[in-house]
Amino acid sequence: MFFPSNSPATAALLHRIQNGLSKVELVYTSHSLWPFPRAPTPHTQLRVLVLDASFNPPTLAHLALVNSVPPPLPPTQQGSHETDLTTSDDHDYDVKLLLLSVRNADKTLKPGDATYLQRLEMLKIFAQDIKQGEGLMSKSNVAIAMIDEPTFVGKSKILQTFFRDRFATSSQNYVAQLNFILGFDTFERLMQPRYYGSEQQMLTSLRQFFSPEGDKSSVVCARRASSSYTQAESVDLAIANEFVSTACISFIDIGEDLARCSSSEVRNAIRQRGLEAAEWKKIVPSGIASYITRAGLYNSTNM
């Protein structure tokens, strides 16, 4: 399923999201039965990678995150039959979802930004570089969706319902175990009480988010360049230790160079030095660089 991102169908889906008529809408799937596995699998719990971002534009850091190897499941989520819960490929997630947020807790659409429809077009190009098992798109189980919810706790609840409805058509009793993969800056916001109202409300929400009796979600975070997480690294992150110690929060390394890549760096480089500058093209996949150039995105002359 794919609607060209400038098509009336995609614009209609975006309208539904922005006007509160729907919480989440699929725009693209790599095969018609997504999120069901392409090949038979003996397990019913499917590990779902969720890469939720503004994608303004998608970068090589985003690609490194979505192509990363999953950490082991937290012990509280392995159940009594661990072998039934392993993925069909021990080195990859069962399902991958690129989630474009049209409402962010910290970001609003600014003059000169790519429109949401342009971001969806870039995500379709980006999806071609996503690995699944030993291959690329021929074996992939990838989708692109839009969501209207600013917090990860809220997104988890919406997506749990979304996947439950999708799996209801199967006799195999599939369930989704959501793995939100994100950068360190986003992780810091996840752990800040101001997004929840109070520290106690944050703790209550996060315990529900991570609990096996609740949403059963987990977080995979890429370490910041030139740093590694320790329990004493930041007073603001001290609250995270409760969930780090139970492996509900895991940390991965994507490499110093990739950890420094950011969408804002791309936008700033183009605005300051123009579309022909070479440095920003090293931060994004080649297909994204070609699209940005063709569309004239982020160029100060178009603002």
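Residues numbered from 1 in each chain as written. Predicted model: local features only at pLDDT ≥ 70, side-chain atom pairs only at ≥ 80, totals over all residues. Heavy atoms only, no water.

A.B. asks: It is not clear to me how the side chain of Asn-56 should be interpreted in this structure. Could you clarify?
C.D. replies: Following the sequence through the fold, Asn-56 ends up in the loop between strand E2 (45-53) and helix H2 (60-66). Overall, Asn-56 belongs to the buried group, its relative accessible area being 5%. Among the polar contacts listed, one links the side chain of Asn-56 to the backbone nitrogen of Ala-114, at a separation of 3.2 Å. In contact with Asn-56, not counting residues within four places along its chain, are Asp-113, Ala-114, Arg-119, Ser-263, Arg-267 and Tyr-298. (Helix = DSSP H or I, 4+ residues; strand = E, 2+ residues; numbered from the N terminus. Buried < 20%, exposed > 50% of the residue type's maximum accessible area, 1.4 Å probe, protein only. Polar contact = N/O pair within 3.5 Å; in protein donor to acceptor, adjacent residues only side chain to side chain. Contact = heavy atoms within 4.5 Å.)

A.B. asks: Looking at this structure, I do not really get helix H10 (residues 263-273). What am I missing?
C.D. replies: Counting along an α-helix, one turn takes 3.6 residues, and residues three or four places apart therefore face a common direction. The complete set of buried residues in H10 reads Ser-263, Val-266, Arg-267, Ala-269 and Ile-270. Taken around the axis of H10, the buried residues stretch over an arc of 165°, which confines them to a single face. Gly-274 lies just past H10 and shows a positive phi near 95°. (Arc of directions from axis to C-beta.)

A.B. asks: Quick question: what am I supposed to make of the pattern of salt bridges here?
C.D. replies: Close approach of charged atoms lets side chains of opposite charge pair. For the structure shown, the criterion picks out ten salt bridges. Of the charged contacts, one joins Glu-25 and Arg-16 as a salt bridge, the two residues approaching to 2.9 Å between their closest N and O atoms. Among the residues examined, Glu-25 registers a relative accessible area of 13% and is labelled buried. Here Asp-52 makes a salt bridge to Lys-155, at a shortest N to O gap of 2.6 Å. Here Asp-52, found in strand E2, pairs with Lys-155, found in helix H5 (residues 152-167); they are 103 residues apart in sequence, far enough to count as distant. For the pair shown, Asp-52 and Lys-155 are each scored as buried. Residues joined in a network through salt bridges with shared partners are Glu-256, Asp-257 and Arg-260. (Salt bridge = Lys/Arg side-chain N within 4 Å of Asp/Glu carboxyl O.)

A.B. asks: What's the story with the nonpolar core in this structure? I'm lost.
C.D. replies: Generally speaking, a soluble globular protein has its nonpolar side chains buried in company with each other. Ranked by internal contacts, the top residues of the largest apolar core, which has 49 residues, are Trp-280 and Ile-292. Look past the residues within four positions of Trp-280 in its chain and what remains in contact with it is Val-266, Ala-269, Ile-270, Gly-274, Leu-275, Ala-289, Ile-292 and Thr-293. Counting residues in each nonpolar core, the second largest holds 44 residues, with Val-48, Val-153, Ala-176 and Met-202 among its members. (Core = buried A, V, L, I, M, F, W, Y, C linked by side-chain atoms within 4.5 Å.)

A.B. asks: Honestly, the packing of H5 against helix H7 (residues 199-210) in this entry has me stumped. Any pointers?
C.D. replies: Think of two packed helices as two axes; the pair is described by the angle between the axes and how far apart they sit. Look at H5 against H7: their axes get within 10 Å of each other, and the N-to-C directions meet at 35°. Considering the relative orientation of H5 and H7, their crossing is left-handed. Of the residues in H7, those touching H5 at Phe-152, Val-153, Ser-156 and Lys-157 are Ser-205, Leu-206, Gln-208 and Phe-209. Residue composition of the contact of H5 with H7, by class: four nonpolar, three polar and one charged. (Axes fitted to C-alpha atoms, helices over the stretch in contact; angles between N-to-C directions. Left-handed = near helix turned anticlockwise from the far one by under 90°. Nonpolar A, V, L, I, M, F, W, Y, C, P; charged D, E, K, R; others polar.)

A.B. asks: Help me understand the packing of helix H1 (residues 8-18) against helix H4 (residues 116-127) in this model?
C.D. replies: Between H1 and H4, the shortest axis-to-axis distance is 11 Å and the interhelical angle comes to 120°. In this view, H1 runs oblique relative to H4, as classed from their interaxial angle. With respect to the hand of their crossing, H1 and H4 are arranged in right-handed fashion. Residues Thr-10, Ala-11, Leu-14 and Gln-18 of H1 pack against Tyr-116, Leu-117 and Leu-120 of H4. For the contact of H1 with H4, the residue count by class is five nonpolar, two polar and no charged. (Parallel < 35°, antiparallel > 145°, perpendicular 65-115°, else oblique.)

A.B. asks: Before we go on, may I ask you to explain the pairing of strand E4 (residues 142-147) in this structure?
C.D. replies: A large share of E4 lies buried, amounting to six of its six residues. On E4, burial covers both faces: Val-142, Ile-144 and Met-146 on one face and Ala-143, Ala-145 and Ile-147 on the other are all buried. Note that strand E1 (residues 24-29) and E4 share five bridges and pair antiparallel. Directly across from Thr-29, in E4, lies its bridge partner Ala-143. Pairing geometry for strand E3 (residues 95-101) and E4, over six bridges, is parallel. If you follow Leu-100 over to E4, its bridge partner there is Met-146. (Pairing = 2+ DSSP bridges.)

A.B. asks: How do you make sense of unusual backbone geometry when you look at a structure like this?
C.D. replies: Negative phi characterises most residues that are not glycine, and trans characterises most peptide bonds. A cis amide bond links Trp-34 to the next residue, Pro-35, at an omega of 10°. Mapped onto the secondary structure, Pro-35 falls in the loop between E1 and E2. Put simply, Asn-56 and Pro-57 share a cis peptide bond, and its omega is 5°. Mapped onto the fold, Pro-57 is located in the loop between E2 and H2. The backbone of Lys-216 sits at a positive phi, close to 60°, despite the residue not being glycine. Mapped onto the elements of the fold, Lys-216 is located in the loop between H7 and strand E6 (218-222). Among the residues examined, Lys-216 registers a relative accessible area of 23% and is labelled partly exposed. Its identity is not glycine, yet Tyr-298 carries a phi of approximately 65°, on the positive side.

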